[in-house]
Amino acid sequence: MTLVIDSLPLGWASRLRGLTDRVGHVFARPEPRAVFHDLVEGLLSDLPKKNCWSLSERAGHSHPGRMQALLSRGAWSADALEAEVRSYVIEHLGDPDAMLVIREAQVIKRGDKSVGVKPQHCTVTNRIENCQVAVMLAYASTSGTAYIGHRLHLPRTWTADPARCRKAGIPESVGYASRSDQAVELLAEAIDAAVPFSWVGLDDGYAQHPQVRDWCVQRALPYIATVPATLQLIRVGATRPAATTGPDQILRHIADSYWRRRTDRTTGRSHDWALVGLGGSLRVGGEVPARGFAQSLLVRRSVDEPDDVAYFLAHARRRTPVPVLIGAAERQWSSAQPDKRGDELIGLDQYQVRTWTAWHHTITTCMLAHAFRAVQRAASPPGRTTSRISRQSVARDRRAGAAAVSHTPRSGSGGRRAS
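All figures in this text were calculated on a predicted structure; none of them were measured in a lab.

*Asks:* It is not clear to me how the overall build of the chain should be interpreted in this structure. Could you clarify?
*Replies:* From N to C terminus, the chain includes 15 helices and 13 strands. Sorting the 419 residues of the chain into buried and exposed places 51% on the buried side. Restricting to contacts in the chain with at least 6 residues of sequence separation, those with at least 24 account for 68%.

Written as structure tokens, this is what we have:
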């Protein structure tokens with residue numbers, strides 16, 4: 001039975017127990033359900049370092065083998081757990097005006113054994129690092145933001161080396177897919193699952209290439225994309241050949257009367273905004289908006305630091321009010337930023353797994369912890385936070401007699417999809 005968790009006048013332990021019991025059907029036996037609960041509880045704790053050793057010690061296990069086995073060799077479906085995470089997020093944070101945000105999570109690694117690791121660009125340090133890259137789908141509503149989908153990006157150096165893939169446990173059916181391909185897969189998956197949303201949000205890593213934008217246009221989906229200053233715009237004149245320009249050049253010609261000031265409710269910072277309509281004589285390459293839609297370039301300039309400028313490409317229904325476009329751009333920007341505090345909290349940047357199965361098990365477990373934290377923060381009264389579970393609160397609730405509840409397993413846990 002699905003519990004309406006937030007309606008119950010219980011503390012965090014009861015809510016977390018309700019959530020882990022709710023997803024308990026993913027596991028065939030009560031033993032892995034109990035280990036899974038201890039694992040999620042530990043990820044939400046105030047431990048300074050979260051790995052199987054520290055989490056097992058916190059849970060009272062004599063060794064880390066149970067948690068390691070759950071993640072590395074457990075016969076459970078990461079797909080099934082992710083579907084539960086998505087359902088939980090939509091139940092508590094769902095909003096028809098929400099945004100599906102494509103962003104990346106990179107984890108810096110040592111060595112070359114961890115699945116998918118390769119020297120590649122890392123947004124956390126803004127330089128080339130030896131890291132793993134996960135393409136993530138976040139659900140951003142006015143109530144909060146949580147992950148509902150993921151893909152592990154496998155560089156060509158991996159997919160072109162069958163022996164290396166076999167050693168990491170990567171299925172033979174998994175081939176190379178670009179990050180844009182994976183972003184489209186995640187968006188299509190959310191649509192198939194009837195996730196409620198109004199906008200798609202893209203950072204400049206995805207927005208500067210037209211593939212994801214074109215996919216949205218073909219399906220008449222509104223999007224807000226953070227675009228670089230180097231985005232090529234075509235200016236078509238009546239008596240001369242088409243010439244290319246860019247957002248930086250357009251910025252210089254925006255009259256003072258076009259700017260409107262707005263304070264971001266999330267950050268408290270004030271910015272000046274200007275909107276430049278696209279179409280007709282100014283276009284983004286050969287792109288044509290969906291029927292009934294129009295493209296616009298939004299320019300955001302910091303009031304305190306005028307050189308701090310950001311550009312957003314909007315594809316929205318005609319006559320969408322400018323404040324609505326600006327609000328969507330603000331939400332996209334804040335949702336696409338690396339959630340360093342949140343990622344550390346759930347251990348997303350501290351896991352140490354080498355195989356395909358272990359990686360997907362670990363990431364979906366972290367997604368569940370992240371979703372729980374987002375829901376609790378949304379339900380907390382102003383001025384209070386439930387983002388961390390202290391050791392003292394664990395001891396208090398355990399003394400109160402929080403007990404595991406076994407569930408009859410359901411059928412239908414599929415294998416991990418190809419990424």
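Structure shown, so let's carry the discussion forward.
*Asks:* How do you make sense of the pairing of strand E5 (residues 199-202) when you look at a structure like this?
*Replies:* The side chains of a regular strand alternate between the sheet's two faces. Residues Trp-199 and Gly-201 point to one face of E5 and Val-200 and Leu-202 to the other, with burial holding for every one of them. Bridge analysis of strand E1 (residues 99-108) against E5 gives 4 bridges, and the strand direction is parallel. Bridging across to E5, Leu-100 finds its partner in Val-200. Inspection of the sheet shows E5 paired to strand E6 (residues 223-227) by 3 bridges, in the parallel sense. Bridge pairing in E6 places Gly-201 opposite Ile-224.

*Asks:* Please explain the pattern of salt bridges as it appears in this structure.
*Replies:* Pairing of side chains with opposite charge becomes possible as their charged atoms draw close. Scanning the model with the defined rule gives 15 salt bridges in all. With a shortest N-O distance of 2.6 Å, Arg-127 and Glu-129 are connected by a salt bridge. A relative accessible area of 13% means that Glu-129 is categorised as buried. The closest approach of N and O atoms between Arg-269 and Asp-308, which form a salt bridge, is 3.4 Å. One end of the pair, Arg-269, is in the loop between strand E9 (260-263) and strand E10 (270-277); the other, Asp-308, is in the loop between strand E12 (293-302) and strand E13 (309-317), and 39 residues separate them in sequence. Arg-269 sits in the partly exposed class, given a relative accessible area of 33%.

*Asks:* Explain helix H3 (residues 52-59) here, please?
*Replies:* One turn of an α-helix holds 3.6 residues; hence residues three or four places apart share an orientation. With 6 of 8 residues buried, H3 is to be regarded as a mostly interior element. Cys-52, Ser-54, Leu-55, Ser-56, Arg-58 and Ala-59 are the residues of H3 that are buried. Sitting at the head of H3, Asn-51 places a side-chain oxygen 3.1 Å from the backbone nitrogen of Trp-53. Where H3 terminates, the next one or two residues include Gly-60, which has phi positive at roughly 90 degrees.

*Asks:* It is not clear to me how the sheet that holds strand E8 (residues 243-245) should be interpreted in this structure. Could you clarify?
*Replies:* Spatially, E8-E7-E11 is the arrangement adopted by the 3 strands of the open sheet, whose pairing is antiparallel. Either end of the sheet is taken by a strand with one partner, and the two such strands are E8 and strand E11 (282-283). Pairing geometry for strand E7 (residues 233-235) and E8, over 3 bridges, is antiparallel. Within E8, the residue paired with Arg-235 across the bridge is Ala-243.

*Asks:* Before we go on, may I ask you to explain unusual backbone geometry in this structure?
*Replies:* Excluding glycine, most residues fall at negative phi; most peptide bonds, likewise, are trans. Phi is positive for Ala-194, close to 60 degrees, though the residue is something other than glycine. Here Ala-194 is to be found in the loop between helix H8 (179-192) and E5. Located in the positive-phi region is Arg-319, a residue other than glycine, with phi close to 70 degrees. Along the polypeptide, Arg-319 turns up in the loop between E13 and helix H12 (322-336). Look at Arg-319 and you get exposed, because its relative accessible area is 78%.

*Asks:* Could you clarify how one ought to interpret the pairing of E6 in this entry?
*Replies:* Within E6, 5 of the 5 residues are buried, which leaves it mostly tucked inside the rest of the structure. Every second residue of E6 is oriented toward a common face, with Tyr-223, Ala-225 and Val-227 on one face and Ile-224 and Thr-226 on the other, all of them buried.

*Asks:* What am I meant to see in the nonpolar core here?
*Replies:* As a rule of thumb, nonpolar side chains are buried together in soluble globular proteins. With 113 residues, the main nonpolar core has Leu-100, Ile-102, Val-115, Ile-170, Leu-297 and Leu-298 as its most contacted residues. The leading source of residues in this core is helix H14 (residues 356-379), at 12 residues. The residues contacting Ile-170, other than those within four sequence positions of it, are Val-115, Leu-154, Trp-158, Cys-165 and Trp-356.

*Asks:* Looking at this structure, I do not really get the packing of aromatic side chains. What am I missing?
*Replies:* When we look at a pair of aromatic rings, we describe it by the centre distance and by the angle of the planes. A full pass over the atoms with the stated rule returns 5 aromatic pairs. Summarising the aromatic geometry, the rings of Phe-312 and Trp-333 are spaced 6.1 Å apart at their centres and angled 75 degrees between planes, so their arrangement reads as edge-to-face. Note that Phe-312 is positioned in strand E13 and Trp-333 in helix H12, a separation of 21 residues in sequence. Taking the relative accessible area as the measure of exposure, Phe-312 reaches 0% and is therefore buried. Overall, Trp-333 belongs to the partly exposed group, its relative accessible area being 29%. In textbook terms, an aromatic cluster arises when at least three aromatic residues are bridged by ring pairs, as seen for Phe-27, Phe-36 and Trp-76. Here Arg-300 stacks its cationic end above the ring of Trp-333, 4.5 Å away from the centre of that ring.

Conventions we followed
Residues numbered from 1 in each chain as written. Predicted model: local features only at pLDDT ≥ 70, side-chain atom pairs only at ≥ 80, totals over all residues. Heavy atoms only, no water. Helix = DSSP H or I, 4+ residues; strand = E, 2+ residues; numbered from the N terminus. Buried < 20%, exposed > 50% of the residue type's maximum accessible area, 1.4 Å probe, protein only. Contact = heavy atoms within 4.5 Å. Pairing = 2+ DSSP bridges. Salt bridge = Lys/Arg side-chain N within 4 Å of Asp/Glu carboxyl O. Polar contact = N/O pair within 3.5 Å; in protein donor to acceptor, adjacent residues only side chain to side chain. Core = buried A, V, L, I, M, F, W, Y, C linked by side-chain atoms within 4.5 Å. Phe/Tyr/Trp six-rings, centres within 6.5 Å; stacked < 30°, edge-to-face > 60°. Lys NZ or Arg CZ within 6 Å of the ring centre and 35° of its normal.

Everything listed here is a matter of coordinates, which is why it stays silent on function.
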